[in-house]
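# Coordinate inspection notes
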Amino acid sequence: MIQPKRILYAEDDPRDIELTLVALADHKLTNEIVIVNDGEEALDYLYKRGNFQKRGNGNPALILLDIKMPKVDGLEVLRQVKSDPDLKAIPVVILTSSREEKDLIAGYNLGVNAFVVKPVGFPNFVDAIKEIGLFWALLNEPPVGSIPKQ
Amino acid sequence: MSHRLTFIQKFLVLFIVVCLFVMGFGCYYYLNQAAKIKQAELINLNVIANLKVNQIASWRQERIGDAIQSMENPLLVTALNNYLANPNNLELKTNLIHWMQGLQKASLYKVSILLDDQYRVQLIAGDKGQQIEPEIKQNCLLAATTKRIVLTDLNRLNSSSEIYMELIIPLFSNHDKCRGWVIFKIDPADFLYPLIQSWPTASPSAETLLVRKAGDFVLYLNELRHQKNTAFNLKCPLTQTTLPAVMAVQGKEGLVEGNDYRGIPVIGVIKPVPDTPWYMVSKIDKAEIYIPIQRYSQFMIVVLFLLFLVAFAVVYLLWRQQEFQYRTERLAVEQEKQALIHHYDYLSKYANDMVVLTRKEGQIIEVNDRLVATYGYSREELLNMNVRELYAPGQTSLLDIKIKYEGHVFEAIHQRKDGTMLPVEVSSRTIDRDGEIFHSAILRDITERKKAEREIRQLNQDLENRVIERTAQLEASNQELESFSYSVSHDLRAPLRHLEGYLSLLKTNLGPQLDEKSARYLETLSGASRKMAVLIDDLLSFSRMGRAEFQKSTVDFNQMVKTALQEYSGETKGRNIEWVIDPQLPIIQGDSGMLQLVMMNLIANAIKFSRTRNPAKIEIGQLQKTPDTVTIYVKDNGVGFDMNYINKLFNVFQRLHKTADFEGTGIGLANVRRIIGRHGGQVWAEGILDQGATFYFSLPINKETH
């Protein structure tokens, strides 16, 4: 059985994944993270479908979502999570390349918990990812039913 | 014409009223006068009757007075007694005869007789052949027994044809024994009849008569005016009740009407004569009384006739005068109408428009040639038509509204003779000529105008369609642009970020192995990618500015300058900048976010390009306001620019300075121009190389902008 992880990270670009993992590595958060490559996989994970049929029970303590993804985009995933009574308590942070007002409005309307524009400068990027991971995955008390800290 | 009819009727009525009034007055006056005349005549009659009765009565009284005087004269009585005792006393006889004759003469007695108690005639004066009839004897006896004087009734004794009345005086002795009588015979023809017959006025028919009842008859006692030999000869039966004489003897008194002995209608007054069985009838022919009345009535008829004539003449003259006036007015109206028509004739020759003149109900009186030519009817046809026949079916008419109107202009659809429709503009008005209503209308063929209107409508419709089409296209391209910039922001930034990330990782990975040269290369790579990131950001913001919603609010430039200065306090720190800021910059309506960006850009440029100056001088002010616009400028004493390149100044990514000297992307002024353009304003600049630059922008005041 695949162990459930505390952070679900949906991102299609492997470079972004790598850079993000670098940023998270300093705080030993990499073990807590499960990476999916598109929205569909993210939903499969959350609903324990497809490849994730056999994962253990429990919801992630945080979902990191890229907006632009193949198949199902980040906003759609957000919509489904926030409209599902079992999932909507999970904090969702959107990570995006640019500050598009349209996306910002749509995200907050769907109930996103944070909206973060990935800085171009790498040090800033690392700082931002760190902050997110620290705050949402460690400091923040996750809702009931989340996977506990190891 | 009804006007005329009522006019005549009016005068007819007036005439009849006047005639009726005259007739009524005449009748009243006639009857009144007739009654007055009759009344006067009757009073006259009555007065005469009274007079006569009184005269008769006093005449009788005189006679009795004569007798009493004689009877109570002791000398005379003694002398008479003595003579009766001694009839041979001649002297006495002579004296007594003398006395008798004297009295006879004085009192108009016909005969005087002295009778003894044996009814023998002892003395006689006058007519000698007198007999003493039994009636006389009876009266003598009556006088003797009553010891009173008797004046007998008129009588005609059988023995003679003469009519007498007797005055009988009884003679008494000392022993009251009747010794005899003195008898005076009175002939009524001497005094009584003339008295009765005389009439104080000159009347041809009036008369007085005495009557008495005699058994079943009425007896006329005197000679009548209109019939001879009537005294004691004329008798009329009492059954003849219309006879005034019969009425008299039957006790009627006063005024009576009837037919007299001739059978002629009369009016009379009946009076009984006191102490006698006589009745006096004073009468006059009705005809005579009515003569003046008839005359009067004839006079009245003449007068009435004359009055009628006068009334007729007056009414006729009045009518003629009115008629004349009416004709004069009619003539004036007619002339005016003719003038009007003439005027229309004149108009018709020169008017381009169609002209029609109608009566109140729309009958056409006059049309001009243009109208004839346009509608296709002949002039004669039109003059027999109602203007309504020119309307296309379903058109309502101003004539139906039945009000007077002045210069009403409207469009209508008319129909030509051939049935084709004719759109016209009608300018109509009512004309009031002394109460007679006309309508005039000027009609203009607006076929061409209608066609043009239709074309304009079509053009407008086409234009609208085109606008819709273009808007759709624009929206589509906007959509594309948006998705483009969306892609740019995501897809261009991501590789840059990766570049930065991996450069950083590379640097970390190499660590001490990284030589100085390689480090500089890495740094250059990193700088290039950062620069690209800034360019992309600026481009995106410029693109967004073009599409952002225009949000109008009050914009206070004073506040904006303050905000900008605060924002750039970092950059200006440690620099010697002399600020000259107009404390009363304008306040206008506009998009405050966009205009803030303009001020930020211009002030940032001024700060940036005056970097090399000490002191730098930056001036923010405004030019003289016009009613429509405000103009703000930002002036610096910086490096300025070459006016030859002014055209490039406001274009995207156009820079007049080397990046090495002054950083920047060349997007700021492009943004400024775009924002001011969206406000409907203008932007321009003046610069002198190495001396400074001034950037101006003007904005419309209170003008709707996008």
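It should be emphasised that the depicted structure is a prediction, and the values quoted were computed from it without experimental measurement.

### With respect to the pairing of strand β10 (residues 254-259) of chain B
Residue and element names in this part refer to chain B. Direction of pairing for β10 relative to strand β11 (residues 265-272): antiparallel, over a ladder of six bridges. Each residue of the ladder has a partner; that of Asn259, found in β11, is Pro265. The turn linking β10 back onto β11 is made up of five residues, and Gly263 within it adopts a positive phi angle of 85°.

### A look at the environment of Trp684(B)
When you line up the elements, Trp684(B) lands in strand β23 (residues 682-688). For the pair Trp684(B) and Phe650(B), spaced 34 residues apart in the sequence, the C-alpha separation amounts to 8.7 Å.

### Focus: the confidence of the model for chain B
The predicted coordinates of low-pLDDT regions are not to be read in fine detail. Chain-level statistics for chain B give a pLDDT mean of 84 and a share of 95% at 70 or above. When mean pLDDT is taken per element in chain B, strand β22 (residues 629-636) of chain B scores highest with 93 and helix α15 (residues 646-649) of chain B scores lowest with 80.

### Focus on helix α2 (residues 39-47) of chain A
Residues and elements named next belong to chain A. Within α2, burial applies to Gly39, Glu41, Ala42, Leu43, Tyr45 and Leu46. As for α2, its buried residues are in contact with β1 (7-10), β2 (33-36) and α3 (74-82). Backbone geometry just after α2 places Lys48 at a positive phi near 55°.

### Concerning the interface of chain A and chain B
At the junction of the two partners, chain A supplies 14 residues and chain B supplies 14 residues. Listing elements by their share of the side of chain A that touches chain B, those giving two or more residues are α1 (14-25) and α5 (122-139) of chain A. Tallied by class, the residues present in the side of chain A that touches chain B amount to six nonpolar, three polar and five charged.

### Digging into the pairing of strand β12 (residues 279-285) of chain B
Residue and element names in this part refer to chain B. Extensive coverage of β12 is indicated by the burial of seven of its seven residues. Residues of β12 alternate between two faces, with Tyr279, Val281, Lys283 and Asp285 on one and Met280, Ser282 and Ile284 on the opposite face, all of them buried. Pairing between strand β7 (residues 207-214) and β12: five bridges, direction antiparallel. What sits directly across from Glu207, in β12, is Lys283. By the bridge criterion, seven bridges tie β11 to β12 in an arrangement that is antiparallel. Following the sheet pairing, Ile267 is matched in β12 by Ile284. Where β11 folds back on β12, the antiparallel hairpin that results is connected by six residues, among which Asp275 adopts a positive phi of roughly 65°.

### Re the packing of helix α2 (residues 74-85) of chain B against helix α3 (residues 90-107) of chain B
Residues and elements named next belong to chain B. Running from N to C, α2 and α3 cross one another at 130°; their axes reach a closest spacing of 10 Å. Taken as axis vectors, α2 and α3 run oblique relative to one another. Considering how the two elements wind past one another, α2 and α3 form a crossing that is left-handed. Facing Ala79, Leu80, Asn82 and Tyr83 of α2, the residues of α3 in contact are Leu92, Lys93, Asn95 and Leu96. Of the residues contributing to the contact of α2 with α3, the split by class is five nonpolar, two polar and one charged.

### A word on the sheet that holds strand β21 (residues 616-622) of chain B
All names here are of chain B. One open sheet holds the five strands; their spatial order is β19-β21-β22-β24-β23, and the pairing between them is mixed. What marks the edges here is a single partner per strand, and that holds for β19 (577-581) and β23. With direction set aside, neighbouring strand axes in the sheet form an average angle of 10°.

### Some words on the sheet that holds strand β13 (residues 354-359) of chain B
Residues and elements named next belong to chain B. As summarised here, the arrangement of the five strands in space is β14-β13-β17-β16-β15, forming an open sheet in which the pairing is antiparallel. Every interior strand has two partners, whereas the edge strands, β14 (364-367) and β15 (408-415), have only one. Between one strand axis and the next, the sheet turns by 30° as a mean value, whatever way the strands run. As paired elements, β13 and β14 share three bridges and run antiparallel to each other. Residue pairing in the sheet places Val356 in a bridge with Val367 of β14.

Scoring rules and cut-offs
- Residues numbered from 1 in each chain as written.
- Chains lettered and ligands numbered in written order.
- Predicted model: local features only at pLDDT ≥ 70, side-chain atom pairs only at ≥ 80, totals over all residues.
- Pairing = 2+ DSSP bridges.
- Helix = DSSP H or I, 4+ residues; strand = E, 2+ residues; numbered from the N terminus.
- pLDDT = per-residue confidence, 0-100.
- Buried ≥ 20, exposed ≤ 12 C-beta atoms within 10 Å, placed from the backbone.
- Contact = placed C-beta atoms within 7 Å.
- Nonpolar A, V, L, I, M, F, W, Y, C, P; charged D, E, K, R; others polar.
- Axes fitted to C-alpha atoms, helices over the stretch in contact; angles between N-to-C directions.
- Parallel < 35°, antiparallel > 145°, perpendicular 65-115°, else oblique.
- Left-handed = near helix turned anticlockwise from the far one by under 90°.

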